[in-house]
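Fold and contact review
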Amino acid sequence: MKVKYIGTTETLAFEKGKVYDVLSIEKGWYRIMTELDEDYLFPPTQFEIIEE
């Protein structure tokens, strides 16, 4: 799945408007590789689904 970061918080982990690949979905949260080359779980409310 591809998602776009729409979060309102400025962060080093994501660029606003950039599309990211969801590696997996765990307990409803998205595991995504960040700009820091580390994967973490993030709430889906911070993203817009671009491609299922």
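Summary of the structure given here.

Cut-offs used in this document
- Residues numbered from 1 in each chain as written.
- Predicted model: local features only at pLDDT ≥ 70, side-chain atom pairs only at ≥ 80, totals over all residues.
- Heavy atoms only, no water.
- Helix = DSSP H or I, 4+ residues; strand = E, 2+ residues; numbered from the N terminus.
- Rg over C-alpha atoms; globule rule 2.2 N^0.38 Å.
- Buried < 20%, exposed > 50% of the residue type's maximum accessible area, 1.4 Å probe, protein only.
- Contact = heavy atoms within 4.5 Å.
- Pairing = 2+ DSSP bridges.
- Core = buried A, V, L, I, M, F, W, Y, C linked by side-chain atoms within 4.5 Å.
- Axes fitted to C-alpha atoms, helices over the stretch in contact; angles between N-to-C directions.

For the protein chain, the count of helices and strands is 0 helices and 5 strands. Listing each helix as α and each strand as β along the protein chain from the N terminus yields β-β-β-β-β. Compactness check: the protein chain gives a C-alpha radius of gyration of 10 Å against a globular reference of 10 Å for 52 residues, within 12% of the reference. The buried share of the protein chain, taken over its 52 residues, is 23%. Partitioning the contacts of the protein chain with sequence separation of at least 6, the portion at a separation of at least 24 is 30%.

Let us look at the pairing of strand β2 (residues 19-26). The sheet contact formed by strand β1 (residues 2-5) and β2 spans 3 bridges and is antiparallel. By the bridge assignment, Lys2 is partnered in β2 with Asp21. Pairing of β2 with strand β3 (residues 29-33) involves 4 bridges; the strand directions are antiparallel. The partner of Ile25 across the bridge, within β3, is Tyr30. Linking two consecutive strands that pair antiparallel, namely β2 and β3, is a turn of 2 residues; a positive phi of about 55° is found at Lys27 within it.

By size, the foremost hydrophobic cluster in this structure holds 10 residues: Val3, Tyr5, Ala13, Phe14, Tyr20, Val22, Tyr30, Ile32, Phe42 and Phe47. Listed by contribution, the elements that provide at least two residues to this core are β1, β2 and β3. Those residues in contact with Tyr20 that sit more than four places away from it in its chain are Met1, Lys2, Val3, Tyr5, Ala13, Phe14, Glu15, Ile32, Met33 and Glu35.

Right, let's get into the sheet that holds β3. One open sheet holds the 5 strands; their spatial order is β4-β3-β2-β1-β5, and the pairing between them is antiparallel. Because the sheet does not close on itself, it has two edges, and the strands there are β4 (39-42) and β5 (47-51). Neighbouring strand axes in the sheet, compared pairwise and without regard to direction, differ in orientation by 45° on average. Where β1 and β5 come together, 4 bridges link them in antiparallel fashion. Within β5, the residue paired with Tyr5 across the bridge is Phe47.

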